[in-house]
Amino acid sequence: MSSTATTPARVAPVPPAEDTVAFADPPTLGRRQALTADQDPTPSLAARLRGVGTRVLRASAAIVIFLAIWEIAPRVGLVDRVFLPPLSAVLESFWELLVSGELGKHVGTSLTRAGTGFAIAVLLAIPLGIAIGWWAGVAQFLGPFLELFRNTAALALLPVFILILGIGETSKITLVVYACFFPILLNTIAGVRTVDPLLVKSARSLGLPPVRLFQKVVLPAAVPTIFTGIRMAGTSSILVLIAAEMVGAKAGLGYLITYAQFNFQITNMYAGIIAISLVGVSINAVLVGLERHFSRWRTT
């Protein structure tokens, strides 16, 4: 029996499998590229202007409505235009007083008095507030005395100031100092007492001397609260001074309003009131700018 030799079949080599897996781009990558190519993410100047205009319109809408009512109500007979003239008539008188220089003289006189008293109050109240807020002994010694006078209204002491200091500039400036002193003092005390104790302990552990501790830790942390009192005092300085000028003065916005009222110059009286409002808004804007300048370290 013959055996037949079988030759094993040759197996063709299998070619290596090609890597057919494609690494797809992230799903957002294509959209980002299209957005970058088609549209600039930076808003255009027109868009920014529209945004600013929208914010200004929203912020001033109530004021515009109020001024429109002021103009329309006297003209349609809702109020007596003798006692409440239309806004246009008041603005005309305001412009006349401004052009003649009379309004500038009264505003300058009032700002000089208010600024002098305000500056004196700041120089006195902030160091005293720091001392009371930091040292318990000073707080125990001066606390009852200051508590007694802080509950006494400034205008209630106006006759006392006039009797003691006379009817001149000294009594008016002293009244402004008194009115501005306590808001700044109380907010300074609160600002110093609410400084984070961990910050103080950390500064002391680093070996900071007391002077540097106040300069680098306590004062920066207390600045926002102190400026709250300063802004309150800025408003009080104008309001209290106007009341004092109505009692006895020969110049100033309070004198202008009282003189116009007694002489039945109603439009001039309202012009003086508008001037007071503009002065108050300007003072607050300046104080807000100073607060931002001295609080630049804050991130929020």
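Residues numbered from 1 in each chain as written. Predicted model: local features only at pLDDT ≥ 70, side-chain atom pairs only at ≥ 80, totals over all residues. Heavy atoms only, no water.

**Q** Quick question: what am I supposed to make of the overall build of the chain here?
**A** Looking only at helices and strands, the chain features 11 helices and 0 strands. Secondary structure of the chain in N-to-C order comes out as α-α-α-α-α-α-α-α-α-α-α. For the chain, with 300 residues in total, the buried portion stands at 33%. Pairs at least 24 apart in sequence give 72% of the contacts found in the chain among residues at least 6 apart. Of the roughly 19,600 Å² that the chain leaves accessible, carbon and sulfur atoms contribute 67%. (Helix = DSSP H or I, 4+ residues; strand = E, 2+ residues; numbered from the N terminus. Buried < 20%, exposed > 50% of the residue type's maximum accessible area, 1.4 Å probe, protein only. Contact = heavy atoms within 4.5 Å. Areas by Shrake-Rupley, 256 points an atom, 1.4 Å probe, with all protein chains shown as cover.)

**Q** Where do I start with a nonpolar patch on the surface in this structure?
**A** Judged by side-chain polarity, Ile72, Val76, Leu78 and Val79 come together as a nonpolar surface patch covering roughly 380 Å² of accessible area. Position of Val79 among the secondary structure elements: in the loop between α2 (45-75) and α3 (87-100). (Patch = residues over 30% accessible without salt bridge, like charges linked within 9 Å, V, L, I, M, F, W, Y side chains within 5 Å. Salt bridge = Lys/Arg side-chain N within 4 Å of Asp/Glu carboxyl O.)

**Q** Hey, could you run me through the nonpolar core in this one?
**A** As a rule of thumb, nonpolar side chains are buried together in soluble globular proteins. Counting 64 residues, the largest nonpolar core has Leu103, Phe118, Leu175, Ile184, Leu185, Ile230 and Leu253 as its most contacted members. Among the elements that line this core, the one with the most residues is helix α9 (residues 210-247), at 15 residues. Other than its neighbours up to four places away in sequence, Leu253 contacts Leu103, His106, Val107, Ser110, Ile242, Glu245, Ala275, Ile276 and Val279. (Core = buried A, V, L, I, M, F, W, Y, C linked by side-chain atoms within 4.5 Å.)

**Q** In this structure, what is going on with the packing of helix α4 (residues 102-134) against helix α10 (residues 253-262)? I would like to understand it.
**A** Between two packed helices, what matters for the description is the angle formed by their axes and the separation of those axes. Running from N to C, α4 and α10 cross one another at 130°; their axes reach a closest spacing of 7 Å. With respect to their mutual orientation, α4 and α10 come out oblique. Here Glu102, Leu103, His106, Val107 and Ser110 of α4 come into contact with α10, specifically with Leu253, Tyr255 and Leu256. Counted by class, the contact of α4 with α10 contains 5 nonpolar, 2 polar and 1 charged residues. (Axes fitted to C-alpha atoms, helices over the stretch in contact; angles between N-to-C directions. Parallel < 35°, antiparallel > 145°, perpendicular 65-115°, else oblique. Nonpolar A, V, L, I, M, F, W, Y, C, P; charged D, E, K, R; others polar.)

**Q** Explain the pattern of salt bridges here, please?
**A** As a working rule, side chains carrying opposite charge can pair if their charged atoms are close by. In this structure the tally under the stated criterion is 3 salt bridges. Between Glu71 and Arg75 there is a salt bridge, with the nearest N and O atoms lying 2.6 Å from each other. Residue Glu71 and its partner Arg75 are both found in helix α2; the two are separated by 4 residues, about one turn of the helix. Its relative accessible area of 48% is what places Arg75 among the partly exposed residues. Of the charged contacts in the structure, one is a salt bridge between Glu169 and Arg113, with a shortest N-O distance of 2.7 Å. One end of the pair, Glu169, is in helix α7 (residues 169-193); the other, Arg113, is in helix α4, and 56 residues separate them in sequence. Looking at Glu169, the relative accessible area reads 39%, which means it is partly exposed.

**Q** Any chance you could explain the packing of aromatic side chains here in plain terms?
**A** By the definition in use, this model includes 7 aromatic pairs. When the ring of Phe181 is compared with that of Phe182, the centres are 5.2 Å apart and the planes differ by 90°; the resulting orientation is edge-to-face. An aromatic cluster is built from Phe161, Tyr178, Phe181 and Phe182, whose rings are joined through pairwise contacts. (Phe/Tyr/Trp six-rings, centres within 6.5 Å; stacked < 30°, edge-to-face > 60°.)

**Q** Which parts of the structure should I look at to understand the side chain of Thr258?
**A** For Thr258, the position within the fold is in helix α10. Given the relative accessible area of 12%, Thr258 is considered buried. Of note is the side chain of Thr258, whose polar atom sits 3.0 Å from the backbone oxygen of Gly254. (Polar contact = N/O pair within 3.5 Å; in protein donor to acceptor, adjacent residues only side chain to side chain.)

**Q** Sorry, what's going on with the confidence of the model for the chain here?
**A** As a general rule, the predicted coordinates of low-pLDDT regions are not to be interpreted in detail. The share of residues in the chain with pLDDT of 70 or more is 80%, and the mean pLDDT across the chain is 78. pLDDT under 50 marks residues 1-9. Its contacts with residues more than four places away, or in other chains, come to 0 contacts. (pLDDT = per-residue confidence, 0-100.)

**Q** Help me understand the environment of Leu142 in this model?
**A** Residue placement: Leu142 occurs in helix α5 (residues 136-150). On a C-alpha basis, the gap between Leu142 and Ile132 in space is 7.9 Å, while along the polypeptide they are 10 residues apart. Setting aside its immediate chain neighbours within four residues, Leu142 contacts Leu128 and Ile132.

**Q** Explain the side chain of His106 here, please?
**A** Inspection of the secondary structure assignment puts His106 in helix α4. His106 gets classed as buried once you look at its relative accessible area, which sits at 2%.

**Q** Please explain empty space enclosed by the protein as it appears in this structure.
**A** The probe, sized like a water molecule, is rolled over the atoms to show the empty space still left. In total, this model carries 1 cavity of 30 Å³ or more according to the counting rule given. Taken together, Leu158, Ile162, Ile167, Ser171, Lys172, Ala244, Val247 and Gly248 form the lining of the largest cavity. Residue assignment for the lining of the largest cavity shows that the elements contributing at least two residues are α6 (158-165), α7 and α9. Its residues assigned to classes, the lining of the largest cavity comprises 5 nonpolar, 2 polar and 1 charged. (1 Å grid on protein atoms, 1.4 Å probe; cavity = no way out; pocket = protein on both sides within 12 Å on 5 of 7 lines; lining within 4 Å. Points joined across faces, edges and corners; volume = space filled by probe spheres on them.)

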